[in-house]
Amino acid sequence: MKLEFIQATPDYAEVIGLLVVQLTQEICERTHAQHFDIDLEGTVQRCEALLSAGHYAAIIGWSDSIPVAVATIAETYALYAGGKIGVIQEFYVIPEFRCSGVGTLLIEQVRTYGQQRSWSCMELCTPPLPEFERTLSFYQHNGLIPVGGRKMRQNLATNG
């Protein structure tokens, strides 16, 4: 298996959008709950805009010419973490490539990206548990540790 990782430009928004929609669909299917309400067209448009504005970065893993993994990243700041940090917003490896080392290589790509930008740490939120215990175990095996709490959200955008 030949793997290549690239830092995505806005030209890759559709590839990223497809993988992120697959991720959100899988989370909803496995938890039997509608956690997300996203569509491909809107996701691609948002991705292209965020990448173009420099507010967002993405690393895509390719096997031959097939996209098999993606990590989307935002940089922010937190006093508790010592300053500049990275937040992995979406992390996805297609099912056929799980347990093949692709996810570990993708985490390493994000880690290197963050070290080059002097992040004090990187953070992410796991999908709802217990359906994703293997995911939590994967992240822990790759050096991320649970720090407690739950992801909280309040929508501020109005639809109208």
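To be clear, the structure that these remarks concern was listed above.
Only a predicted model underlies this, so the values are computations on that prediction, with no experimental measurement involved.

A.B. asks: An account of the overall build of the protein chain is needed here, citing residue identities and associated values.
C.D. replies: Helix and strand counts for the protein chain come out as 4 helices and 5 strands. Along its sequence from the N terminus, the protein chain presents helices and strands in the succession β-α-α-β-β-β-α-β-α. Taking 15 Å as the expected radius of gyration for a compact globule of 160 residues, we find that the protein chain reaches 16 Å, a close match to that expectation. Principal-axis analysis of the C-alpha atoms places the extent of the protein chain at approximately 45 × 40 × 35 Å. Taking all 160 residues of the protein chain together, the buried fraction comes to 39%. In the protein chain, 62% of the contacts between residues at least 6 apart in sequence involve partners at least 24 apart. Only carbon and sulfur atoms are counted for the fraction: they give 51% of the accessible area of the protein chain, which is about 10100 Å². Looking at charge distribution, the protein chain has the averaged site of its 11 positive side-chain charges lying 7 Å from that of its 17 negative ones.

A.B. asks: How would you summarise the pairing of strand β4 (residues 83–93) if you had to cite specific residues and measurements?
C.D. replies: Direction of pairing for strand β3 (residues 66–78) relative to β4: antiparallel, over a ladder of 10 bridges. Pairing of A71 across the sheet is with F91, part of β4. Linking two consecutive strands that pair antiparallel, namely β3 and β4, is a turn of 4 residues; a positive phi of about 90 degrees is found at G82 within it. Two strands pair when backbone bridges link them, and β4 and strand β5 (residues 121–124) are joined in this way by 4 bridges, in the parallel orientation. Note that in β5 the partner of G86 across the bridge is M122.

A.B. asks: Which residues make up unusual backbone geometry, and what are the values?
C.D. replies: With a phi close to 65 degrees, C99 is a non-glycine residue in the positive phi region. Mapping C99 onto the fold places it in the loop between β4 and α3 (102–116). A positive phi angle is found at S118, which is not glycine, with a value near 60 degrees. Along the chain, S118 falls in the loop between α3 and β5.

A.B. asks: Lay out the side chain of S63 in plain terms, naming residues and giving numbers.
C.D. replies: Relative to the elements of secondary structure, S63 occurs in strand β2 (residues 57–63). Each residue touching S63, except ones within four places of it in the same chain, is listed here: M1, K2, L3, V68 and F97.

A.B. asks: Quick rundown of the sheet that holds β4? Include the residues and the values.
C.D. replies: Hydrogen bonds along the backbone pair up the strands of a sheet, which may run parallel or antiparallel. Strands sit in the order β1-β2-β3-β4-β5 across an open sheet of 5 strands; the sheet is mixed. A single partner strand is all that each edge strand has here, and the edge strands are β1 (3–7) and β5. For this sheet the average axis-to-axis angle between neighbouring strands, irrespective of direction, equals 25 degrees. Across 5 bridges, the pairing between β1 and β2 is antiparallel. The residue bridging Q7 from the neighbouring strand is I59, located in β2.

Cut-off values and rules
Residues numbered from 1 in each chain as written. Predicted model: local features only at pLDDT ≥ 70, side-chain atom pairs only at ≥ 80, totals over all residues. Heavy atoms only, no water. Helix = DSSP H or I, 4+ residues; strand = E, 2+ residues; numbered from the N terminus. Rg over C-alpha atoms; globule rule 2.2 N^0.38 Å. Buried < 20%, exposed > 50% of the residue type's maximum accessible area, 1.4 Å probe, protein only. Contact = heavy atoms within 4.5 Å. Areas by Shrake-Rupley, 256 points an atom, 1.4 Å probe, with all protein chains shown as cover. Lys, Arg positive; Asp, Glu negative; His and termini not counted. Charge placed at Lys NZ, Arg CZ, Asp CG, Glu CD. Pairing = 2+ DSSP bridges. Axes fitted to C-alpha atoms, helices over the stretch in contact; angles between N-to-C directions.

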